[in-house]
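# An overview of the molecular structure
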Protein chains: 2
Amino acid sequence: MDIYMKYIPQFPDIVTASEAITPFVHRTPVLTSRQIDSASGAHLFFKCENLQKVGAFKFRGATNAVMNLTAEQRAAGVVTHSSGNHAAALAHAAVSRGVKAYIVMPSTAPEVKKRAVAAYGAEITFCEPTLEAREAAATAVIERTGATMVHPFDNFDIIAGQGTAAMELLTDIQAPDAVIAPVGGGGLLSGTAIAVRHMAPSARIYGAEPLLADDAARSLHTGTLLPALPPRTIADGLLTSLCDRTFTVIKDNVDDILTVTEEQIIAAMMLVWERMKIIIEPSSAVPVAAVLANRELFSGRKVAVIVSGGNVDLTKLPFGQHA
Amino acid sequence: MDIYMKYIPQFPDIVTASEAITPFVHRTPVLTSRQIDSASGAHLFFKCENLQKVGAFKFRGATNAVMNLTAEQRAAGVVTHSSGNHAAALAHAAVSRGVKAYIVMPSTAPEVKKRAVAAYGAEITFCEPTLEAREAAATAVIERTGATMVHPFDNFDIIAGQGTAAMELLTDIQAPDAVIAPVGGGGLLSGTAIAVRHMAPSARIYGAEPLLADDAARSLHTGTLLPALPPRTIADGLLTSLCDRTFTVIKDNVDDILTVTEEQIIAAMMLVWERMKIIIEPSSAVPVAAVLANRELFSGRKVAVIVSGGNVDLTKLPFGQHA
């Protein structure tokens, strides 16, 4: 029973996480845009985790995981394998709290991400760009150092930490008709769903996913956890599949997962950049695109959007060919 | 004497402008960035007029000009010739207050700017892309309609309106060591200088200008008002030269005008986009570049930067070739 209780976070776990991490994370603003309201027909509230430290909500979960380490675990450090925002988030969360961070990255990761993780003070181990090589390298680090593995989403403390964004959001705006978040591995959507179910029980909860990585939508619709698809979407934060833990939360709490095309993602990203003057990454444009594409669900409604992050490679933007 | 008093705004004119326009403009936030502080060695405060309506500080001056029309002038409308932010700002400021706006634009202006001005409800007159053709077209509009010309910077009410950004800034942060703003025609820098001299008399006041459009710097250094240079800089908001009115204010109040290269402008723009996750236009990156390039002036100092705007053509970004 105690193990089960540590499997799926409940709302009090998000409250506890919020108390633990609030001194270290930004309370990000909730922004609105009359022009995007006009384009969508909805009343949109953007919870701007692109303005979070490390440029992504991932810093919340990573900080909560670090704060929940035992003294013994703190002394040995943390490890993860990732080339994305979770790697940078765990590196910064750990090192800034005096805990060693070991990050396993594929040697093919973009230089800018390698430099960012190194700049946060993590020890990087490079490996071949396969899941097997990553897991083997992480296992080797654990055997050598005794570090604690912090999975990017299949982790109780991570999910509870990610839920603090929605908790703040629902403190700032009351009673939305719907809340929508992007879904990759499902850590953000799970934490969001747990917070929203408690704080705004009548609100509909949506995930948003690229059509080219619609494993979560098909998992929800079929009731069977499906594996990830080949990485073809521009929304590089949403490539992974759900795990049993996040799938359980999502099945029980999420009303639907909406899918959008690459063209819709790019158009939504340009709309937010041009009208709101904020940088959001492609993964964050996915729920915006879903709101724009589903007027029958959102028109006239008060809709909260979790903007997951703002880390983009400015030298590889998808805009040029759309001139 | 009364005419002289209406030539150069004084601080009370900025206070009056602020009272007139506050119901209609955004009070933009002042943002900070630990990472850009670390890159510059300074403590930077960014007054974010990129988040202003129309995406630029120009909406302040334009709104003030419209609010100061007589009843007779209101009935006849306003006119200007511009292809930039002032055209959109005057269009929106006038039409949203029930005043007709006639905008003269060169037929070669970007489609996106034509659409924006039209969307704000202005009547557009197209002309050849020369100053002579613009002025002739504006004169024809005035003869036909009796509209009042609202110059983008050689205008008392415009300068007083632009000064309200610095006034708000100095209400939010006290006693900066320096304030820096971009300079093109000098309306923003003049209004800023008048506000800063009164509210933070010991602060140094700097303009920032592209080296490829350094007519204001050379005018200040030689004491003689010099004409604009051929339009070669990416900072397309800073192409015009000063007028006698703005040159007078700048000579009397501005400590120096600092110049930066195109490479420095692009690097500063990327730095702000990547670290602050906000969109600033090239003209707004000019003062950021000047702070980064002049450590001897700014290191260890509290420096306020006027971020003038965030209107960029996302299909023509200067980043690709810097991969």
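Residues numbered from 1 in each chain as written. Chains lettered and ligands numbered in written order. Predicted model: local features only at pLDDT ≥ 70, side-chain atom pairs only at ≥ 80, totals over all residues.

### Structural notes on the interface of chain B and chain A
Reports of interface size often rely on the accessible area that becomes lost once the parts have come together. How we decide: The contact rule is simple: place each C-beta atom from the backbone, and if two of them lie within 7 Å, those residues are in contact. In the scheme used here, Gly and all other residues not listed as nonpolar or charged are polar, with Ala, Val, Leu, Ile, Met, Phe, Trp, Tyr, Cys and Pro taken as nonpolar and Asp, Glu, Lys and Arg as charged.
Counting residues at the interface gives 17 residues for chain B and 17 residues for chain A. Class assignment for the residues of the side of chain B that touches chain A results in nine nonpolar, six polar and two charged.

### Quick word on the sheet that holds strand E1 (residues 30-31) of chain B
Residue and element names in this part refer to chain B. To be explicit about the condition: DSSP calls a pair of strands paired once it identifies at least 2 bridges connecting them. Segments assigned H or I by DSSP are reported as helices when at least four residues long, segments assigned E as strands when at least two residues long, and all are numbered from the N terminus. Convention adopted: a line fitted to C-alpha atoms gives each axis, helices being fitted over their contacting stretch, and angles between N-to-C directions are expressed from 0 to 180 degrees.
Here six strands make up an open sheet; going across it, the order is E1-E2-E10-E7-E8-E9 and the pairing mixed. Two strands in the sheet have a free side with no partner beyond their single neighbour: E1 and strand E9 (256-260). Pairing of strand E2 (residues 43-48) with strand E10 (residues 302-307), which is carried by six bridges, proceeds in the parallel orientation. When the sheet's bridge partners are listed, Phe46 is paired in E10 with Val305. Packing against the sheet, helix H14 (residues 282-293) makes contact with E2, strand E7 (178-182), strand E8 (204-210), E9 and E10, and its axis sits at approximately 140 degrees to E7.

### With respect to the domain arrangement of chain A
Residue and element names in this part refer to chain A. Just so we agree on the cut-off: Here the limits of each domain have been adopted from an automatic or database domain assignment.
Domain assignment breaks chain A into domain 1 (2-53 + 155-322) and domain 2 (59-149). Distance from the C-alpha centre of domain 1 to the C-alpha centre of domain 2: 24 Å. Contact with domain 1, which involves 21 residues of that partner, is made by 13 residues of domain 2. Looking at the side of domain 1 that touches domain 2, the elements with two or more residues in it are helix H2 (11-21) and helix H9 (156-172). With seven residues, the top contributor of residues to the side of domain 1 that touches domain 2 is H9.

### Remarks on the environment of Ala122(B)
Residues and elements named next belong to chain B. The criterion, for reference: Residue burial here comes from a neighbour count, namely the number of other C-beta atoms, placed from the backbone, that lie within 10 Å of the residue's own C-beta, with 20 or more meaning buried, 12 or fewer meaning exposed, and in between meaning partly exposed.
Secondary-structure assignment places Ala122 in the loop between helix H7 (111-119) and strand E5 (123-127). According to the C-beta neighbour criterion, Ala122 is buried, with 25 such atoms within 10 Å. C-alpha of Ala122 to C-alpha of Ile279: the two residues are 157 residues apart in sequence and 26 Å apart in space.

### A short note on the relation of the copies chain B and chain A
Filter applied, for reference: Superposition of the copies was done by least squares, using only C-alpha atoms of residues whose pLDDT is at least 70 in both.
Note on the copies: chain B fits chain A at an RMSD of 0.0 Å, the axial shift is 0.0 Å, and the rotation between them is 180 degrees. Here the symmetry operator amounts to a two-fold rotation axis. Distance from the rotation axis, computed per C-alpha, reaches its smallest value in chain B at Ile278(B): 2.1 Å. Comparing interface residues between copies, 100% of those in chain B also sit at the interface in chain A, which points to an isologous, same-surface contact.

### Some details on the confidence of the model for chain A
Note the cut-off: The pLDDT value expresses, per residue, how confident the predictor is, ranging between 0 and 100.
Averaged over all residues, the pLDDT of chain A equals 95, while 98% of them reach at least 70. The ipTM for the predicted assembly is 0.92, set against a pTM of 0.94.

### Observations regarding helix H10 (residues 187-199) of chain A
Going by this rule: Expected helix span is computed as 1.5 Å times (number of residues minus one).
Here H10(A) spans 18 Å end to end across 13 residues, near enough to the 18 Å set by a 1.5 Å rise per residue. Burial in H10(A) covers these residues: Gly187(A), Leu188(A), Leu189(A), Ser190(A), Gly191(A), Thr192(A), Ala193(A), Ile194(A), Ala195(A) and Val196(A).

### Some thoughts on the sheet that holds strand E3 (residues 78-81) of chain A
Within a sheet, each strand pairs with its neighbour through backbone hydrogen bonds, oriented either parallel or antiparallel. All names here are of chain A. On the basis of which strands lie adjacent, the open sheet formed by four strands has the order E5-E4-E3-E6 and parallel pairing. This sheet does not close on itself; its edge strands, each paired only once, are strand E5 (123-127) and strand E6 (148-149). In this structure, E3 lies alongside E6, joined through two bridges in parallel fashion. For Val79, the partnering residue across the bridge sits in E6 and is Met149.

### Focus on the environment of Asn50(B)
Structurally, the position occupied by Asn50(B) is in the loop between E2 and helix H4 (58-67). When the C-alpha atoms of Asn50(B) and Ala137(B) are compared, they prove to be 30 Å apart, with 87 residues separating the residues in sequence. Those residues in contact with Asn50(B) that sit more than four places away from it in its chain are Lys277(A), Gly55(B), Ile278(B), Ile279(B), Ile280(B), Ser284(B), Val307(B), Gly309(B) and Gly310(B).

### Details of the pairing of E8(B)
Residues and elements named next belong to chain B. Most of E8 sits inside the fold, with six of its seven residues counted as buried. For E7 and E8, the ladder comprises five bridges, and the chain directions are parallel. Across the sheet, Ala181 pairs through a bridge with Gly207, a residue of E8. One ladder, built from five bridges, connects E8 with E9; its direction is parallel. In the sheet register, Tyr206 faces E9, and the bridge partner there is Asp256.

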